[in-house]
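Single-letter residue listing:
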Amino acid sequence: MSVISENNMLENNMPEDDVPEDDMPENNLNVQQSGESMKSFTTSPIVHLTSRAVSPFIILMGLYVFFHGHYSPGGGFQGGVLMGAGILLLRLSLGVTRSQAILPTWLTLRLSALGALIYVSTGLVPVFFDGNVLEYGFLPISGVEPEYLRYYGILFIELGVTLTVMTTLVAIYDDLLGY
Amino acid sequence: MKILQYILLMAFCGILLLAVVELPPRGDLNSPVHQKVNPAGTPVAGSYYIQNAYKDAKTPNMVTVILADYRGFDTMGETIVVFCGGIACFFILSRHRQRRK
């Protein structure tokens, strides 16, 4: 008996990326109705073409803001929000299922965790090399002066922040739709 | 009761306006935040950052240096808060878990 129930639980805890679209729950009518317009894609070719043309530039702008954070206003949070907005534009116009190619739903929270992990590990590595937490000057890269190690340390943690912010925005959008 | 609310609102507005009038002008070199030692006798952190941000990290944007280097622990907390928000939304809103029961 217990073995069977365990098997059932294993069956039930399958990964979420192979769920077909058409077995959404029918019990919650309100959510279902309000979410229907967001789940389906528009048929307007103008919206399709415009969003598909504009979204790469938004993502490119986000990359620029992220990488140029050392020299101008910007950085991880702003760049991540811009890149997330570029992906969300495709999510809005093409629908969730058709815009899986640019960022799959199952990948969002994992990349978010990876971003936080990049930040924390970049902060923890100097502890094992005579430094304090987040003291990038002690990162174990030979041939680079400590000032430039701090420069690249800032870049690393901004990369983690960008990943986390971008994927968390998309993940929350997908969660709201129930994917 | 509503009149009392408006009176309170006006009073707070007046207090804030008084505080704004008393602020030193922008870029004033003699204001306390631009000194090395503030009137209480403790060193001001901002002057250290302005003088040493480029020397320490070779990054021209000192806001980035403060955000990610001097105050990196704070930004780490912010990142983890964002991540926790995503995780909480997943657990609360995701319908997979309800469907599989």
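Computed from a predicted model, the values in this text were never measured in an experiment. (Residues numbered from 1 in each chain as written. Chains lettered and ligands numbered in written order. Predicted model: local features only at pLDDT ≥ 70, side-chain atom pairs only at ≥ 80, totals over all residues. Heavy atoms only, no water.)

Colleague: Account for the pattern of salt bridges, with residues named and values stated.
Modeller: This model, assessed by the stated rule, comprises two salt bridges over all chains. A salt bridge links A:Asp174 to A:Arg91; the nearest nitrogen and oxygen atoms lie 3.0 Å apart. Of this pair, A:Asp174 sits in helix H6 (residues 146–177) while A:Arg91 sits in helix H4 (residues 76–94), placing them 83 residues apart in sequence. By relative accessible area, which is 0% here, A:Arg91 ends up buried. A:Arg150 is the salt-bridge partner of B:Asp69, the closest N and O atoms lying 2.8 Å from each other. (Salt bridge = Lys/Arg side-chain N within 4 Å of Asp/Glu carboxyl O. Helix = DSSP H or I, 4+ residues; strand = E, 2+ residues; numbered from the N terminus. Buried < 20%, exposed > 50% of the residue type's maximum accessible area, 1.4 Å probe, protein only.)

Colleague: An account of the environment of B:Asn38 is requested, with residue identities and associated values reported.
Modeller: Residues and elements named next belong to chain B. Along the chain, Asn 38 turns up in the loop between helix H1 (2–22) and helix H2 (45–57). Accessibility expressed as a relative area gives 24% for Asn 38, which makes it partly exposed. Remark: the alpha-carbon pair of Asn 38 and Val 63, spanning 25 residues in sequence, is separated by 21 Å. If near-sequence neighbours (up to four positions away) are discounted, Asn 38 is found in contact with Pro 32 and Val 44. (Contact = heavy atoms within 4.5 Å.)

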